[in-house]
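Descriptive structure summary
The primary structure of each chain is shown beneath.
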Amino acid sequence: MLSEYLKFAEETAREAGQLTLEYFLTDAAKPEFKGDDTPVTIADRDAEKLIRRRISESYPDHQIVGEEFGETQGESTHRWIIDPIDGTKSFVHGVPLYAVLLALEINGKVEVGCAYFPALDEIISAASGQGAHWNGQPCQVSDVAAIDRAVCAHIDTAYFAQNGKGEPWQRLQEAVYYNAGWCDAYGYLLVATGRAEIMLDPVMAVWDCGPFPPIFREAGGYFGDWAGNEGRIDGGEALATNLALKSDVVSLLNSK
């Protein structure tokens, strides 16, 4: 059954991604701003509507939670998690690193995840026990084991201090070999495919990271919170790395 769900997630993410491309690099991508000053566009809303419609048609008993339209009510053991455009700031500035994120949580554990990057036509996906695949080919995290040779991807550096995590971020960025920004979901793709070693966010909602627990489990890496709790998507923060570096990274982030 996971294979069916994975195929559905991949097809649905691609379809929603193609819809976003109709707005990308056009005047229609002009954003509105929510109460928290984050942008939203017609593409975000239309893509989420498309995904919700497809889920409701195929799995009417499943619950849904999405960034733009909230959570449906019910008692299903299955919950789809949607971010129609992760990286809306990239999207509205014409930067092609945004993604459509779709995941399926079953009995409280994310078992299926898919991230599709429409402007790049890159896709990474996984289901428990079935491996992680990048553009149809198996993928793995890197084997870099020295923190001073690691590449660290990240979002807006100001977010760390603004959310009370400036000191641990400072320790980490000084310890690694290279820091690469403007990433959002693309940073997690880089780590899962062995092209970077660390990606972290000081603030994270469930829809921003839904697909990553199974992707990193299957790619041989770690995804969870900064304390080292694997698979957690509701901790308000996120960290991805390879297993060789996990202990060092967690220690750096939590040392006093």
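Relevant structure appears above.
A short tour of the structure in this document, coming up. Just so it is clear, the structure is predicted and the values come from calculations on it, not from any experiment.

Reading guide: rules and limits
- Along each chain, residues carry numbers from 1 onward, in the same order as the chain's sequence is written.
- The predicted origin of the model limits local features to residues at a pLDDT of at least 70 and limits the giving and counting of side-chain atom pairs to 80 or more, whereas totals for whole chains, interfaces and linings rest on all residues.
- The side-chain values count all of the structure's non-hydrogen atoms but skip hydrogen atoms and water molecules.
- Runs of E in the DSSP output that reach at least two residues are strands. Runs of H or I that reach at least four are helices, and both are numbered from the N terminus.
- What the globule rule says is 2.2 Å times the number of residues to the power 0.38, and the radius of gyration is computed from C-alpha atoms.
- We call a residue buried when its accessible area falls under 20% of the maximum for its residue type, exposed when it is over 50%, and partly exposed in between, using a 1.4 Å probe and counting protein chains only.
- Contacts between residues were defined by any pair of non-hydrogen atoms, one from each residue, lying within 4.5 Å.
- Whether two aromatic rings pair depends on their centres lying within 6.5 Å, for rings of Phe, Tyr and Trp, where Trp uses its six-membered ring; planes under 30 degrees apart make the pair stacked, over 60 edge-to-face, and the rest tilted.
- Under this definition, polar contacts are N or O atom pairs within 3.5 Å; protein pairs additionally need one hydrogen-donor-capable and one acceptor-capable atom, and for neighbouring residues in sequence, both atoms have to be side-chain atoms.
- Grid points spaced at 1 Å and placed over the protein atoms alone form the basis of the search, with a cavity being a set where a 1.4 Å probe fits but cannot get out and a pocket an open set showing protein on both sides within 12 Å along at least five of seven lines. Lining residues have an atom within 4 Å of a point.
- Grid points are joined across faces, edges and corners, and a volume is the space filled by probe spheres set on the points.
- When residue character is reported, Ala, Val, Leu, Ile, Met, Phe, Trp, Tyr, Cys and Pro are called nonpolar, Asp, Glu, Lys and Arg charged, and the others, Gly included, polar.
- Criterion used throughout: strands pair if DSSP finds at least two bridges between them.
- Working convention: axes come from line fits to C-alpha atoms, limited for helices to the stretch in contact. Angles between N-to-C directions cover 0 to 180 degrees.
- For our purposes a nonpolar core is just a set of buried Ala, Val, Leu, Ile, Met, Phe, Trp, Tyr and Cys residues, chained together by side-chain atoms within 4.5 Å.
- Salt bridge, as applied in this entry: a Lys or Arg side-chain nitrogen positioned within 4 Å of an Asp or Glu carboxyl oxygen.

A separate point is the overall build of the protein chain. Helix and strand content of the protein chain: nine helices and 15 strands. What you see for the protein chain is a C-alpha radius of gyration of 17 Å, in line with the 18 Å of a compact globule of 256 residues. Projected onto its principal axes, the C-alpha positions of the protein chain cover 50 × 40 × 35 Å. When the 256 residues of the protein chain are sorted by exposure, 55% land in the buried category. The long-range share in the protein chain, meaning contacts at least 24 apart out of those at least 6 apart in sequence, stands at 61%.

Our focus in this paragraph is the packing of aromatic side chains. Geometrically, a pair of aromatic rings is defined through the distance of the ring centres and the angle of the planes. Within this structure, the stated rule accounts for 16 aromatic pairs. Judged by centre distance (5.2 Å) and plane angle (70°), the ring pair of tyrosine 5 and tyrosine 59 falls under edge-to-face. In this pair, tyrosine 5 is assigned in helix 1 (residues 2–21) and tyrosine 59 in the loop between helix 2 (42–58) and strand 3 (63–66), connecting sequence segments 54 residues apart. In this pair, the class of tyrosine 5 matches that of tyrosine 59, namely buried. Ring plane angle 70° and centroid distance 5.8 Å describe the contact between tyrosine 188 and phenylalanine 223, whose orientation is recorded as edge-to-face. One end of the pair, tyrosine 188, is in helix 6 (residues 185–192); the other, phenylalanine 223, is in strand 14 (residues 221–224), with 35 residues separating them in the sequence. Phenylalanine 223 gets classed as buried once you look at its relative accessible area, which sits at 0%. These aromatic residues form a ring-pair network of at least three members: Tyr5, Phe8, Tyr59 and Trp80.

It is worth spelling out the side chain of histidine 78 at this point. Its location among the elements puts histidine 78 in strand 5 (residues 78–86). Among the residues examined, histidine 78 registers a relative accessible area of 15% and is labelled buried. Separated by 2.8 Å, the side chains of histidine 78 and threonine 77 make a polar contact. Among residues more than four places away in sequence, those in contact with histidine 78 are Tyr5, His62, Gln63, Leu104, Glu105 and Ile106.

One number sums up the size of the largest pocket: a volume of about 840 Å³. Residue lining of the largest pocket: 31 residues in total, with Thr38, Lys89, Ile155, Tyr159 and Asp184 positioned closest to the centre. Looking at the lining of the largest pocket, the elements with two or more residues in it are strand 5, helix 3 (88–92), helix 4 (158–162), helix 6 and helix 7 (206–209). Class assignment of the residues belonging to the lining of the largest pocket gives a composition of 13 nonpolar, seven polar and eleven charged.

What follows concerns the sheet that holds strand 15 (residues 238–242). With respect to topology, five strands assemble into an open sheet ordered 12-11-13-15-14, the strand pairing being mixed. Each edge of the open sheet is held by one strand with a lone partner, namely strand 12 (178–180) and strand 14. Neighbour to neighbour, the strand axes of the sheet diverge by 15° on average, direction disregarded.

Let us now look at the nonpolar core. Ranked by internal contacts, the top residues of the largest apolar core, which has 39 residues, are Tyr188, Phe212, Phe216 and Phe223. Secondary structure elements with two or more residues in this core: strand 6 (99–106), strand 7 (109–117), strand 8 (122–127), strand 11 (151–154), helix 6, helix 7, helix 8 (212–218) and strand 15. Sort the elements by how many residues they give to this core and helix 6 lands first, with seven residues. Counting 31 residues, the second largest nonpolar core, distinct from the first, contains Tyr5, Ala47, Tyr98 and Leu102.

For the rest of this paragraph, the subject is the pattern of salt bridges. Following the criterion strictly, the structure yields twelve salt bridges and no others. Of the charged contacts, one joins glutamate 122 and arginine 195 as a salt bridge, the two residues approaching to 3.7 Å between their closest N and O atoms. Residue glutamate 122 is found in strand 8, and its partner arginine 195 is found in the loop between helix 6 and strand 13 (198–201); the two are separated by 73 residues along the sequence. You can call arginine 195 partly exposed: its relative accessible area is 35%. Residues joined by salt bridges that share partners form a network here, namely Lys34, Glu67 and Glu68.

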